[in-house]
Amino acid sequence: MGVSVARLLYVAMVLGGVAIGVTLWAWGQPLVSRSGEIRLWVNLIWSSENSQQLADWYSLSHAILGMLIALVGRGLAPRVPYPAILALVLVIGVGWEIIEHTDFVLDRFRGQTIYQGYVGDTVLNAVSDYVFMLAGFFAAMALPIRWGLLLMLGLEILSAAVARDSLILTTIRVVHPIPAISDWQDETNPVRRPAAP
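Please read all numbers here as calculations on a predicted model, not as lab measurements.

Procedures and definitions
Residues numbered from 1 in each chain as written. Predicted model: local features only at pLDDT ≥ 70, side-chain atom pairs only at ≥ 80, totals over all residues. Heavy atoms only, no water. Buried < 20%, exposed > 50% of the residue type's maximum accessible area, 1.4 Å probe, protein only. Helix = DSSP H or I, 4+ residues; strand = E, 2+ residues; numbered from the N terminus. Salt bridge = Lys/Arg side-chain N within 4 Å of Asp/Glu carboxyl O. Axes fitted to C-alpha atoms, helices over the stretch in contact; angles between N-to-C directions. Parallel < 35°, antiparallel > 145°, perpendicular 65-115°, else oblique. Left-handed = near helix turned anticlockwise from the far one by under 90°. Contact = heavy atoms within 4.5 Å. Nonpolar A, V, L, I, M, F, W, Y, C, P; charged D, E, K, R; others polar. Arc of directions from axis to C-beta. Core = buried A, V, L, I, M, F, W, Y, C linked by side-chain atoms within 4.5 Å.

> I keep staring at unusual backbone geometry and nothing clicks. Help me out?
For residues that are not glycine, phi is negative in most cases, and the peptide bond is trans in most cases. Positive phi values are uncommon outside glycine, yet Ser 51 reaches one of about 65°. The exposure class assigned to Ser 51 is buried, which follows from its relative accessible area of 6%. Even without a glycine there, the phi angle at Arg 164 is positive, about 60°. On the secondary structure map, Arg 164 appears in the loop between helix 6 (145-162) and helix 7 (167-175). When its relative accessible area of 19% is taken as the criterion, Arg 164 is described as buried.

Laid out in structure tokens, this is it:
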């Protein structure tokens, strides 16, 4: 009895998480936050624990990316078989988590006020972000397309409204910064806000 391509890709997804962790650890990223704490959620994007713990507002961006891949893939189906969409989410998920930690990308992030001081993710956070992306992918594959779109848009709006950052806003800031967006985001920076009298 042969093993299906999809089953091999599921195994590859698990190995993808291992590849992310081993690569970032070999590049010197810490396994967990330097504080030694392990938290389920970091609510403030300005916190030094952001991108260091299991989940934060950027975890939503990863889930949204997974949903986007699934919904685009479903829109192209039946021309694109499911294993091809699965392979695409695997390559993008692993590829992004590794490319994000190259000096070029880290410098692009640090060039923006909101990301100044960004040292990259911990191994824990990077692998967790990968899992969030996969969860978003599988959720959007399982839901009716309309509900997948609504969930994706809802998470994007929630993240933008509460954290003042999201997949779209991050992409804009890294690719072509718009000062008005930067100013709006920086209004929530506790370091920049004047102290109350």
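> Hey, could you run me through the pattern of salt bridges in this one?
When their charged atoms lie close together, side chains carrying opposite charge are able to pair. As enumerated under the stated definition, the model contains 2 salt bridges in all. Taking the shortest distance from any N to any O, the salt bridge between Glu 37 and Arg 39 comes out at 2.9 Å.

> I would appreciate a short explanation of the packing of helix 7 against helix 8 (residues 179-186) in the present structure.
Packed helices, taken two at a time, are described by the angle their axes make and the gap between the axes. The N-to-C vectors of helix 7 and helix 8 enclose an angle of 125°; their axes lie 10 Å apart at closest approach. It follows from the interaxial angle that helix 7 and helix 8 lie oblique. Handedness of the helix 7/helix 8 crossing: left-handed. Facing helix 7, whose interface residues are Leu 169, Ile 172 and Arg 173, helix 8 presents Ile 181, Ser 182, Trp 184, Gln 185 and Asp 186. Across the contact of helix 7 with helix 8, the residue classes tally to 4 nonpolar, 2 polar and 2 charged.

> Is there a simple way to think about helix 7 in this case?
Given 3.6 residues per helical turn, the α-helix brings residues three or four places apart onto the same face. Every buried residue of helix 7 is listed here: Leu 169, Thr 170, Arg 173 and Val 174. One side of helix 7 carries all its buried residues, which in axial view fall inside an arc of 125°. Set apart from the buried face of helix 7 by more than 90 degrees, the exposed residues are Ile 168 and Val 175. Each element contacted by the buried residues of helix 7 is listed here: helix 2 (57-76), helix 4 (103-110), helix 6 and helix 8.

> Got a minute to help me understand the packing of helix 3 (residues 82-99) against helix 5 (residues 123-142) in this structure?
In the contact formed by helix 3 and helix 5, the axes pass within 10 Å of each other and the chain directions differ by 155°. As summarised for this structure, helix 3 and helix 5 are arranged roughly antiparallel, according to the angle between their axes. Between helix 3 and helix 5 lies a crossing of right-handed hand. Along its contact with helix 3, which presents Tyr 82, Ile 85, Leu 86, Val 89, Leu 90, Gly 93, Val 94 and Glu 97, the element helix 5 presents Ala 126, Asp 129, Tyr 130, Met 133, Leu 134, Phe 137, Phe 138 and Met 141. The residue inventory of the contact of helix 3 with helix 5, partitioned by class, reads 13 nonpolar, 1 polar and 2 charged.

> Looking at this structure, I do not really get the environment of Trp 46. What am I missing?
Topologically, Trp 46 is positioned in the loop between helix 1 (5-26) and helix 2. Note on Trp 46: relative accessible area 18%, which makes it buried. For the pair Trp 46 and Thr 188, spaced 142 residues apart in the sequence, the C-alpha separation amounts to 8.4 Å.

> I tried to follow the nonpolar core on my own but got confused; where do I start?
Most often, soluble globular proteins have nonpolar side chains that are buried together. Within the largest apolar cluster, 31 residues are counted, with the highest numbers of intra-cluster contacts made by Met 13, Val 89, Tyr 130 and Phe 137. The set of elements that each furnish at least two residues to this core consists of helix 1, helix 2, helix 3, helix 5 and helix 6. The biggest single contributor to this core is helix 2, with 8 residues. Setting aside chain neighbours within four positions, we find Phe 137 in contact with Gly 66, Met 67, Ile 69, Ala 70, Tyr 82, Ile 85, Leu 86 and Val 89. With 5 residues, the next largest nonpolar core counts Leu 106, Phe 109, Tyr 118 and Val 174 among its residues.

> When you look at the environment of His 62 in this model, what are you seeing that I'm missing?
With respect to the helices and strands, His 62 occurs in helix 2. Along the sequence, His 62 and Gln 29 sit 33 residues apart, while their C-alpha atoms lie 19 Å from each other. Discounting residues that sit within four places of it in the chain, His 62 has contacts with Trp 96, Glu 97, Asp 129, Phe 132 and Met 133.

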